[in-house]
Amino acid sequence: MAANPLLGTKPAVLDVEAVRRDFPILATSVHGRPLTYLDSAASSQRALPVIRAVESYETHSHANVHRGVHALSQAATAAFEGARERVRRFINAASVKEIIFVRGTTEGINLVCEQTGASLRVARINRRGEVPFEEFQRQLGPRTRLVAFAHISNALGTVLPVKRMIEAAHAHGAVALIDGAQAVPHSQVDVRALGADFYTFSGHKMYAPTGIGVLYGREELLAAMPPWQGGGDMILTVSFEKTTYNELPAKFEAGTPNISGAVGLAAAMDYLEGLGIEAIAAHEQRLLELATAELARMPEIEIVGTAAHKAAVLSFTMKGVHAHDLGTILDAEGVAVRTGHHCAMPVMTFFGLPATARASFACYNTEEDVAQLTSALKRAHEVFG
Ligand SMILES: Cc1ncc(COP(=O)(O)O)c(C=O)c1O
């Protein structure tokens, strides 16, 4: 596996035992076994500072935002808008007007793609699970309006050459929408350095609560787009004759937002940066390489997705065993992995597979977790072999 382009040059060390103490759920037993949680790509666990920030907000500061002059409403508004500024800083957006709070990546993508009536052209992947760049480039043309892709594939772990792909999109006059759901917990994302037009991600995959996420959009693009939902906060004035829409970002945030979620998201960003995103990425990369080497030694296992640049995700199958049956045996051993098509059915079809099992790594995983996965796989092989 080649060096991870997400990693910089800083020496990176993570005190994993200390990190694990921040995640009380990891002490859970499952079927009488210690939990080995390898499903963070689906949803990561919450860090105590995140849980405490949400609790503190709910206990001391909650009221509705933006519409009140009373003290609690002002406190809630300050917390919510403070979280927006925290997000801006985290991804280095130029302005808080470019930070739209959404429920998650799904909603972020829908908000942008609702605006198009485009026909779809699909970029090809190769057997390693990479997008061959020259071929991708040839698919772009003068009629290409929007190029949409994941920063890191959730099904295969491939890290895409995002900056080059964005530049190629721009060279054809298209805008680029990047799904950063799997990237933000594992890499430093700078939307301006990348040149992203739209970039979206979910809180719950980066140690924050569910139901909160972000759509970043360049201000001039968001300003030119119509609102996508009607309701409180997105309207400036309304009469039966004429409605005028609110400024950015409120134009895209109809109704009462997920205030405590935004507070939790901001706390998760503090937490991630406190650990050091490069340190996290280096740690996860070591685990990914260890697990890849262990599974490669097992003849009954086939690793799916062998890109030169991968992050935090290891998809695989066991010969003659359906992924769901495999997942059930692993669960009985206390090992939580995801099984299925990972919302990426065309990718599964390409590999001729109905499903894979997927182990994914986060800041709190250890070499012991990899050892547990390997021994649970051996056990599954005994059961089905
Ligand atoms: C790459 C990617 N995009 C989008 C999503 C959907 O995210 P959410 O369910 O938080 O909207 C996921 C979730 O698994 C994902 O991994």
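Because the structure is predicted, anything quoted here is derived from the model rather than measured.

Attention now goes to the packing of aromatic side chains. Following the criterion strictly, the structure yields 9 aromatic pairs and no others. With centroids separated by 4.7 Å and ring planes inclined at 65°, the aromatic side chains of Phe23 and Tyr364 adopt a geometry described as edge-to-face. With Phe23 in the loop between helix H1 (16-21) and strand E1 (29-30) and Tyr364 in the loop between strand E15 (356-360) and helix H13 (367-384), this pair connects stretches of sequence that are 341 residues apart. Here Phe23 matches Tyr364 in class, with each residue buried. Through successive ring pairs, a cluster of aromatic residues spans Phe23, Tyr207, Tyr271 and Tyr364. The ring of Phe350 has Arg127 lying over it, and the distance from NZ or CZ to the ring centre is 5.4 Å. Just above the ring of Phe133 sits the side chain of Arg164; from NZ or CZ to the centre is 3.8 Å.

So, on to the sheet that holds strand E12 (residues 313-318). Across the sheet, 4 strands lie side by side as E11-E12-E15-E14; this open sheet has antiparallel pairing. Since the sheet does not close on itself, it has two edges, and those belong to strand E11 (301-304) and strand E14 (338-340), each with one partner. Across the sheet, the axes of successive neighbouring strands diverge by a mean angle of 30°, strand direction being ignored. Relative to E15, E12 runs antiparallel, the two sharing 4 bridges. Bridged to Phe316 within E15 is Ala357. Against the sheet, helix H10 (residues 277-296) makes contact with E11 and E12, and its axis sits at roughly 15° relative to E12, the strand it touches most. Helix H11 (residues 323-332) rests against E12, E14 and E15 of the sheet, and its axis sits at about 160° to E14.

On to unusual backbone geometry, then. Following Leu248, the chain continues to Pro249 via a peptide bond in cis, the omega torsion being -5°. Located in the positive-phi region is His31, a residue other than glycine, with phi close to 50°. Note that His31 resides in the loop between E1 and strand E2 (33-34). Of the residues examined, His31 reaches a relative accessible area of 53% and is grouped as exposed.

A few words on the site of the ligand. Near the ligand the following residues occur: Gly104, Thr105, Thr106, Asn154, Asp179, Ala181, Gln182, Ser202, His204 and Lys205. Contacts to the ligand include Thr106, whose side-chain N or O atom sits 2.5 Å from an oxygen atom. The side chain of Lys205 places a nitrogen or oxygen atom 2.6 Å from an oxygen atom of the ligand. Contact with the protein chains hides 75% of the accessible area of the ligand, taken as 400 Å² for the molecule alone. Its residues placed into classes, the shell around the ligand shows 1 nonpolar, 7 polar and 2 charged.

This next bit is on the nonpolar core. Grouped together as the largest cluster of nonpolar side chains are 77 residues, with contacts concentrated most on Phe23, Phe101, Tyr199, Phe201, Leu265 and Tyr364. The biggest single contributor to this core is helix H9 (residues 259-275), with 10 residues. With near-sequence residues (within four places) excluded, Tyr364 lies in contact with Val16, Val19, Arg20, Phe23, Leu26, Tyr37, Ser40, Ser44, Gln45, Tyr207 and Asp369. One finds Leu288, Phe316, Leu330 and Val335 within the second-largest nonpolar core, a separate group that totals 25 residues.

Procedures and definitions
- Residues numbered from 1 in each chain as written.
- Predicted model: local features only at pLDDT ≥ 70, side-chain atom pairs only at ≥ 80, totals over all residues.
- Heavy atoms only, no water.
- Phe/Tyr/Trp six-rings, centres within 6.5 Å; stacked < 30°, edge-to-face > 60°.
- Helix = DSSP H or I, 4+ residues; strand = E, 2+ residues; numbered from the N terminus.
- Buried < 20%, exposed > 50% of the residue type's maximum accessible area, 1.4 Å probe, protein only.
- Lys NZ or Arg CZ within 6 Å of the ring centre and 35° of its normal.
- Pairing = 2+ DSSP bridges.
- Axes fitted to C-alpha atoms, helices over the stretch in contact; angles between N-to-C directions.
- Contact = heavy atoms within 4.5 Å.
- Near = heavy atom within 4 Å.
- Polar contact = N/O pair within 3.5 Å; in protein donor to acceptor, adjacent residues only side chain to side chain.
- Areas by Shrake-Rupley, 256 points an atom, 1.4 Å probe, with all protein chains shown as cover.
- Nonpolar A, V, L, I, M, F, W, Y, C, P; charged D, E, K, R; others polar.
- Core = buried A, V, L, I, M, F, W, Y, C linked by side-chain atoms within 4.5 Å.

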